[in-house]
Amino acid sequence: MSTAETRTQAGAGAAAAGQLRRMPGLVPVTETLRTVERRAPEPLTRDADEDAGEGTGGFTGGDAAGGLRIGAFWRLLGSELALTFRRPRNMALLAVLGVVPVILGIGLRLASSTAGDGEMGGVVQNLAGNSLMLTFLSFSFLVLLLMPVAVSVVAGDAIAGEAGGGTLRYLLAAPAGRGRLLAVKYLNAVVFGYAVTAVVAVTALLTGLALFPGGSVTLLSGTTITVGEGLLRILLAVGYVGAAMAALAAVALALSTFTEVAIGAIAGTLVLLVVCQVVRAVPALAPVTPYLLPTRFTDFDGVLRDPVDYAALRDGLLSFAAYIALFGSIAWARFSGKDITS
Amino acid sequence: MRRGTFVRWGVPIAAAAVIGAAIGAGPVIAAVSGEPTLPERSAEQLLADAAAATVKDQGMRPMSGTVQQTASLGLPALPATGGDTGPLSLLSGTHEVKVWYGGENKIRVAMPTHLNETNLIYNGDQSWYWDSAANTATRLRIKADTGERPGLPTPQPTDMTPQQAAQRLLAQVDEHTAVRVINNAEVAGRPVYQLVLAPKAGASLVQEVRIALDGETYMPLQVQLYAKGSAEPAYQVGFTQVTFTPPAPENFTFTPPAGAKVKEATIGEENIGQKAEERAEHAADMAGKAKMVGDGWTTVAVVPFSLSDLQAQAAGKDGQAGQDGRGTQANALLDSVLKSATPVNGTWGSGKLIRTKLLTALLTDDGRLLAGAVTPEELVRVAGTQ
Amino acid sequence: MTPVTVTGTTQEAGAPFGAAPPAGDSSAAIVTRGLTKRFRGGQVAVDALDLTVPRGSVYGFLGPNGSGKTTTIRMLLGLITPTAGTYDVLGLPPARALPRVGALVEGPAFYPYLSGEANLMRFDAADPSARRATARRRIADALDRVGLSAAAGKRYRNYSLGMRQRLAIAAALLGPRELLILDEPTNGLDPQGTREVRALVKEIAADGTTVFVSSHLLAEIEQMCTHAAIMRSGRLVVQGTIGSLSAGRVPLIRVETPDVAEAARVLGELGLSGVQAGAGELTAELGGQRPEMINAALVGQEVAVRGLAVVRPSLEDVFVGLTGEGFDVDG
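If you're wondering where the values come from, they're calculated on a predicted model, not measured in any experiment.

The rules behind these values
Residues numbered from 1 in each chain as written. Chains lettered and ligands numbered in written order. Predicted model: local features only at pLDDT ≥ 70, side-chain atom pairs only at ≥ 80, totals over all residues. Heavy atoms only, no water. Helix = DSSP H or I, 4+ residues; strand = E, 2+ residues; numbered from the N terminus. Buried < 20%, exposed > 50% of the residue type's maximum accessible area, 1.4 Å probe, protein only. Contact = heavy atoms within 4.5 Å. Areas by Shrake-Rupley, 256 points an atom, 1.4 Å probe, with all protein chains shown as cover. Buried area = accessible area lost by both parts, 1.4 Å probe. Salt bridge = Lys/Arg side-chain N within 4 Å of Asp/Glu carboxyl O. Polar contact = N/O pair within 3.5 Å; in protein donor to acceptor, adjacent residues only side chain to side chain. Nonpolar A, V, L, I, M, F, W, Y, C, P; charged D, E, K, R; others polar. UniProt positions renumbered as here; feature names shortened; annotations may be inferred. Pairing = 2+ DSSP bridges. Axes fitted to C-alpha atoms, helices over the stretch in contact; angles between N-to-C directions. Parallel < 35°, antiparallel > 145°, perpendicular 65-115°, else oblique. Left-handed = near helix turned anticlockwise from the far one by under 90°. Phe/Tyr/Trp six-rings, centres within 6.5 Å; stacked < 30°, edge-to-face > 60°. Lys NZ or Arg CZ within 6 Å of the ring centre and 35° of its normal. Domains from an automatic or database assignment. pLDDT = per-residue confidence, 0-100. Bend = angle between axes of the 7 residues up to and from the residue.

Student: Explain the overall build of chain A to me, and be specific about the residues and the numbers.
Tutor: Along the backbone of chain A there are 13 helices and two strands. Buried residues in chain A amount to 51% of all 342 residues. Looking at chain A alone, contacts between residues at least 24 apart form 78% of all its contacts between residues at least 6 apart. Accessible area of chain A: about 14000 Å², with a carbon and sulfur share of 67%.

Pasting the structure below:
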C-alpha cells in the first residue's frame, strides 16, 4: 500500500497514550482531534493473546514465523484448488475433455476397420500400429481450441469472477494480500491447465491401449522406439502442452484483472486466440506468426521426432516464459493498484 | 499515488523491453557493435580460402543445423489450399528443413511439419525417402552407370541447400557483376563473410545477392536475394542454427518401421513418380523451344507459349491429380497470376504483363512468353526487337 | 426522531463499553488525516476526511447514501487507494492491521455453491495469520455467536437475507478482532434481526473490541454507539461522543405539572434560564444543574411533579442544526 510509505508517524517519544480526548461540545470538523496524542506503533505480536486466551488462539503475528506464512500460502492455494476442482462447471469441462479422445479413438478405430489401404492419412495409419499415437493426435486436435477454452474459463474467472461475486473484497479484507492472491490464482490456473492436459493424455492413452494394438511406437522420423520410451515422450509432451496452457492462463488472468465480468475475460481470451489463428492463416502476416502464442502450441510434436527436437521445444518454452512474464506483470501492475469497488 | 502507479506499470513495460531485446538481440547487437569480427578479405582471397578449406576438409565438415528458406517474391497471395508440402508453397512464406551431414556419403535432410515429417537419408549405398504422412518408406537406388557423382538429393527443389545455391550464383560472377565483401555479418550466431554480388546493368530487378561464408569453415551459410527497392530479401535460404560437430550415427541409419509401406525406386533410370517424369519432360521440351536474349543479369527467355494450352493442362492436371491438391493449387495460382496481370501494348503488338519483385513476364497475344529478372520496360523493349 | 433521555453525563457516556485500550497500542483505532478519494471521473467521493476513532468505542459513521461512507470504509480496508491523505488502523499501516480487523462491507458476498461453514473456511484460509488447526473451532464459535450453527452445512444459495447478513458478521468474527468495521450491518434485516445485531454489537464492544459501524439510520446509531461522525457529500460534518454531539444543543429539562406558575418560579430561583411555560408542562435550559436536585427543589416547594425529563436534541436535530437541512434518508 503506497499510503504506508507516506504515512507520518508520531514521534517515538510521544508516549502519553491511552487517554481518549473528550469532545467538549460540538466540535467543528476543522478542529477535530488534530492534536490527538499517539504512540508510535509497535510491532504487532500476538504472544499475549495466545498465552492468555484458550479461545483466542490460532492467530500469530505477521513477523513471527516465515514458515507459517509459507504454510498460509499453501493453505490458500489448497482452498483455491478445492474451490476449482469441486466446482461443477470445471469438472464438466474436464469431463468433456476426457471424452473427446475416447470419441476420437472410437472414430478412428471404426474408420480404420472399414477403410482400405491408402485411403487413410498417415497419422491414422500410424495409429493402427501404435496405441500411444492417439495421445498426440488428441493433443493436436484439442490444443488449439478446446483445451484453451477450459483453461481460460478458470483463469479468466480467477479475479473477475471473485470481483463480480463480491467475494474479492472479503478476500482482500481478510487480508489475502493482492500479490499473494494473484500468485495463488495463477498457480491454481496452472494446476488446472496441467490437469486438463493430464486428463486428455490419460484418457487418450487408455483409449489407445484398449482400441489399438500395443507394442512399439513409430516416430514421425520413421524410427521405432519402445513403449517405455514412448511413455516418457508422452510425459515430455504433457509437460510442454501444460506449459502452453500456463502461458495462456497468464493472458486470461491479465484480462481477468481488467473486468468484473468473468465471461468478458473468458471471451476476451478466446477472441484473442481466434484472432491469432486468423492471423496465422493470412500469408501476408506471416512475419508476425512466430510471435503468436498459439503458433507454439502444436510444437509438442518435437518429441515425436528422432532425435527429439529440443530446439523447437526450448523455443516454445522460452516464448511461453516470455508470455507468462509479460502478462503476469501486467496482471500484477493492474491488480495491485486496482480500486476494488465491486 | 501517481508515482506508485508509474512504478507498477514500469514492471510490465520493462518485461516487454527485455523480451523485445531478447527477440531482436542478434540483429541489434550486430548492427550496434558493427565492428568487423573477421579480418578483411578481398573477394578473390575469400573464394580462394574457401576453396582451400574445402580441399583441406575433403569437402564439407560434418555438421548439423536448421536451414530456413524465406521467399517474399511479391506473388499474388496463394489460396491456402494445397497443404504445406507442395512445391509451389515454397514460393511464399517460410520453410524449414533440418540437415545432418556426417561426411561425403552420410546425409540426412528432414522437413518437419505439424505431426508430420519427410526424411531423406543417404548413407553410402543405401538411401531412403520416408514420408510419415503417407506412412511410406521408399528405398532409393542410384543407378551406378550414370558416371556422375550423385548430387545431393533433397525432398524439395534442389537449390534448397545454401552450398548449391552459392555455387550456382558464384558461377555467374563476371563482367556484369560488382563484387564486394562484408566482414562483420553474422548468420546462425556465427561471424561470416558476406560476398555481395551486385548486377551492373540498370535494367536488372536484382539489387544484389549476398552469400554468407562461415568465417571459420568457409562453408556457405546463407544466400540472400535482394530485389531493387526493398530492404528485406525477396528470397533467402540459410542456416538459422548450425553446429560443426559430427552428428550421431543413428541419424544416417534407417529401418522401415513395422506397418509402413516399402517401395523401391531407382534414380537415374526411372523417376520416383510419374509426375516428376512428366514435369522433367515438359521442362526439357520447353527448354528446347526457348531462346535466350541478352546476357548476364538481364537475360530474357523467350518461349513460344499459348495461354489456352496452359489452362487446359492445368485443368487436366487438376482432374488427374486432385488427390494431393497440387493440380488445384497450380490452377489457382495461374488464375490469380493472370488476374494480377496488366495489359500492355506497343509497336510489337499487345500482351499481358506480370510483375513480381524479382521476375517480370510478358505474355504476348502472338503466342510468346518473355520472362526475366528485368524491369518491365526492358522486357517490352526485348519484345519489340523480335 | 424521539428525544433521548440521558441519565448520565457526557463523561460517562462511553463507560459501559469503556474497556481500557489494550496496553502497548495507540489510543486510536482509526486515524485518518486529510483522506481524499477522487474517482476517475473527477467525482470526489471523500474530501479531506480527518477521522479519529477511539479504542473501545462503538463509533457510528452516519450519512445519507452516497455520502462517502462506503468509500471511506473501502479505503480503511485497503480496497481503494486514497488520492491523498494518510491513515492508520490500530496504529499500524492498514495492510499490517487487517488481520486484527473484521469487516462487513456493502452487504454479504459468499460463494453460493458452498455451505456457510465452507465459505467461512475459505475466508479463513485467505488470512495468513489464521491457523488451519484452529479453524474449525473458530468457525463453529463464530457461527454460534451469530446463531447460525444449525444452518452451517446449508448452501449459502439457500440462505435468507438475514442469514446471509449473519454469516457476513460471523466472517468478521473469525479471529480475535480488535476492530470491527461493519458497513450497514442491519441492512435487509427484519426488526427482530436488527435488535439482535444491535445486541451483538454491544456484546462485542463489551469485550473491548472497537466497533466502527456505518449506517444511514440515525436512530440505529443513537441506540448503539458511544461516538458518532456525520458525513455529507464526502465531507465530515461533525464527530464526537454521542453526548457531546448533542451537547452543543442545550439540553432542556421538561417538567410536567399542573402548577406551572409555581414550578416556573422554582426553576427561576434555581437559576435556570429560558423557562418556557406551556399547558401542563414547562421547559427550561438545564445548564449545569443536576436533574435530581431540580426535582428535589420542586418537590420541596410542593410542586406536583407528574413527570420530569432531560430532553436532548436528537442527532437529527444536530444534523439539521449544523447543516440547515434535513437528513435525507433516501439519499
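That shown, we press on.
Student: Give a detailed account of the environment of Val 151 of chain A, specifying residues and quantitative values.
Tutor: Residue and element names in this part refer to chain A. Mapping Val 151 onto the fold places it in helix α7 (residues 146-165). Here Val 151 falls in the buried class, since its relative accessible area comes to 1%. The spacing of Val 151 and Thr 269 is 118 residues in sequence and 9.9 Å in space, taken between C-alpha atoms. Once residues within four sequence positions are removed from consideration, Val 151 is found in contact with Phe 192, Gly 193, Met 245, Leu 248 and Ala 249.

Student: Before we move on, could you go through the interface of chain A and chain B and cite the residues and values that matter?
Tutor: A common way to express how large an interface is: the accessible area buried when the components associate. On the chain B side, the residues contacting the 39 residues of chain A number 32 residues. Taken over both partners, the interface formed by chain A and chain B buries close to 2600 Å², and the fraction arising from carbon and sulfur atoms is 61%. On the surface where chain A and chain B come into contact, there are two salt bridges. A salt bridge links Arg 305 of chain A to Glu 117 of chain B; the shortest N-O distance between them is 2.7 Å. Summed over the shared surface of chain A and chain B, the number is ten residue pairs in polar contact (both at pLDDT 80 or more). Put simply, the parts of the chain that give the side of chain A that touches chain B at least two residues each are α1 (2-6), α5 (122-129), α6 (133-142) and α13 (310-336) of chain A. No other element matches the nine residues that α13 of chain A contributes to the side of chain A that touches chain B. Residue classes in the side of chain A that touches chain B are distributed as 17 nonpolar, 16 polar and six charged.

Student: Please set out the pattern of salt bridges residue by residue, giving values where relevant.
Tutor: All names here are of chain C. The full count for this structure, using the stated rule, is 35 salt bridges over all chains. A salt bridge links Asp 47 to Arg 235, with the nearest nitrogen and oxygen atoms 3.0 Å apart. With a gap of 188 residues between them, Asp 47 in strand β2 (residues 44-49) and Arg 235 in strand β10 (residues 235-241) connect regions that are remote in the sequence. Taking relative accessible area as the criterion, Asp 47 reaches 23% and is therefore assigned partly exposed. Note that Arg 138 and Asp 124 form a salt bridge whose closest N and O atoms lie 2.8 Å from each other. Of this pair, Arg 138 sits in helix α4 (residues 135-145) while Asp 124 sits in helix α3 (residues 116-126), and the two are 14 residues apart along the sequence.

Student: Please give an account of the UniProt feature "transmembrane region" (unreviewed entry) in chain A that cites residues and values.
Tutor: All names here are of chain A. Here the UniProt-annotated "transmembrane region" (unreviewed entry) positions come out as residues 91-112, 132-155, 186-212, 232-255, 262-286 and 317-335. Its end C-alpha atoms 35 Å apart, residues 232-255 is made of 100% helix and 0% strand. Helix and strand shares over residues 317-335 are 100% and 0% respectively, and the end C-alpha atoms of the span are 26 Å apart.

Student: Describe the pairing of strand β15 (residues 342-346) of chain B, and please don't skip the residues or the numbers.
Tutor: All names here are of chain B. For β15 and strand β16 (residues 349-355), the ladder comprises five bridges, and the chain directions are antiparallel. Residue Thr 342 lies in a different strand from β16, and its bridge partner there is Leu 353. Taking the residues that link successive antiparallel strands as the turn, the β15-β16 hairpin has two residues.

Student: Which residues make up the sheet that holds strand β11 (residues 252-256) of chain C, and what are the values?
Tutor: Residues and elements named next belong to chain C. The strand order β12-β13-β11-β14 describes an open sheet built from four strands, whose pairing is antiparallel. The strands lining the two open edges of the sheet, one partner per strand, are β12 (276-277) and β14 (307-311). Pairing between β11 and strand β13 (residues 281-285): five bridges, direction antiparallel. Looking at β13, one finds that Leu 252 is bridged to Glu 285. Of the strands in this sheet, β11, β12 and β13 touch helix α9 (residues 260-270), which is tilted by about 15 degrees from β13. Running at roughly 150 degrees to β14, helix α10 (residues 291-300) makes contact with β11 and β14 of the sheet.

Student: Can you lay out the packing of α9 of chain C against α10 of chain C for me, pointing to particular residues and giving the numbers?
Tutor: All names here are of chain C. For the pair α9 and α10, interaxial distance at closest approach is 10 Å and the crossing angle is 130 degrees. Of the possible angle classes, the one that applies to α9 and α10 is oblique. Crossing hand, α9 versus α10: right-handed. Contact with α9, carried on its side by Ala 263, Val 266, Leu 267 and Leu 270, involves Ile 294, Ala 297 and Leu 298 of α10 and no other residues of that element.

Student: Which residues make up the packing of aromatic side chains, and what are the values?
Tutor: All chains considered together, the criterion is met by 19 aromatic pairs over all chains. Ring centres of Tyr 170 of chain A and Phe 123 of chain C lie 6.1 Å apart, and the angle between their planes is 70 degrees; this geometry places the pair in the edge-to-face category. Of this pair, Tyr 170 of chain A sits in helix α8 (residues 167-173) while Phe 123 of chain C is found in helix α3, placing the two residues in two different chains. According to the relative accessible area criterion, Tyr 170 of chain A is buried, its value standing at 6%. Phe 123 of chain C sits in the buried class, given a relative accessible area of 5%. Cluster of aromatic residues (ring-pair linked, three or more members): Tyr 170 of chain A together with Phe 110, Tyr 111, Tyr 113, Phe 123, Tyr 156 and Tyr 159 of chain C. In this structure, Arg 178 of chain A is placed above the aromatic ring of Phe 335 of chain A, and the distance from its NZ or CZ to the ring centre is 6.0 Å. Cation over ring: Arg 108 of chain B sits above Trp 100 of chain B, and NZ or CZ is 4.1 Å from the ring centre.

Student: So what about the domain arrangement of chain C? Which residues, and what values?
Tutor: For chain C, the domain assignment lists domain 1 (28-246) and domain 2 (250-312). With centres defined by C-alpha atoms, the gap from domain 1 of chain C to domain 2 of chain C works out at 43 Å.

Student: Account for the side chain of Asp 214 of chain B, naming residues and giving values.
Tutor: All names here are of chain B. As for its position among the elements, Asp 214 is in strand β9 (residues 206-214). Of the polar contacts made by the side chain of Asp 214, one reaches the backbone nitrogen of Thr 217; its length is 2.8 Å. Residue contacts for Asp 214: discarding those within four places in its chain leaves Arg 190, Pro 191, Val 192, Met 219, Leu 221 and Phe 244.

Student: An account of unusual backbone geometry is needed here, citing residue identities and associated values.
Tutor: The step from Ala 174 of chain A to Pro 175 of chain A runs through a cis peptide bond, and the omega angle for that step is 0 degrees. In the Ramachandran plot, Ala 48 of chain C falls in the positive-phi region, its phi being about 45 degrees despite a non-glycine side chain. Tracing the sequence through the fold places Ala 48 of chain C in strand β2. By relative accessible area, Ala 48 of chain C is classed as partly exposed at 38%. A positive phi angle, near 60 degrees, is found at Glu 302 of chain C, a position not held by glycine.

Student: Residues and numbers for the confidence of the model for chain C, please.
Tutor: Residues and elements named next belong to chain C. On average, residues of chain C carry a pLDDT of 82, and 87% of them reach 70 or more. Looking over chain C, one finds the lowest element-wise mean pLDDT in helix α11 (residues 315-323), namely 70, and the highest in α3, namely 95. A low-confidence stretch, residues 1-25 stays under pLDDT 50, and its non-local contacts, those more than four residues away or across chains, total 37 contacts. Complex prediction metrics read pTM 0.77 and ipTM 0.78.

Student: I'd like a description of the sheet that holds strand β13 (residues 291-293) of chain B, backed by residues and values.
Tutor: Residues and elements named next belong to chain B. Here we have six strands laid out as an open sheet, ordered β13-β14-β18-β17-β16-β15, and antiparallel in their pairing. Looking at strand neighbours, the two that pair on one side only are β13 and β15, the edges of this open sheet. Each adjacent strand pair in this sheet contributes to an overall mean axis angle of 25 degrees, direction not counted. As defined by bridge partners, β13 adjoins strand β14 (residues 300-304) across three bridges and the pair is classed as antiparallel. Along β14, the bridge assignment pairs Val 293 with Val 300.

Student: Talk me through α7 of chain A; I want residue IDs and the actual numbers.
Tutor: Residues and elements named next belong to chain A. At Ala 158, α7 shows its strongest bend, of approximately 55 degrees. By the criterion of burial, α7 is predominantly enclosed, with 15 of the 20 residues buried. Looking one or two places after α7, you find Gly 166, whose phi comes out positive at around 85 degrees.

Student: Which residues make up the environment of Ala 248 of chain B, and what values do they have?
Tutor: Tracing the backbone through its elements, the reader meets Ala 248 of chain B in the loop between β11 (235-243) and β12 (261-267). Separated by 228 residues in sequence, Ala 248 of chain B and Gly 20 of chain B place their C-alpha atoms 35 Å apart.

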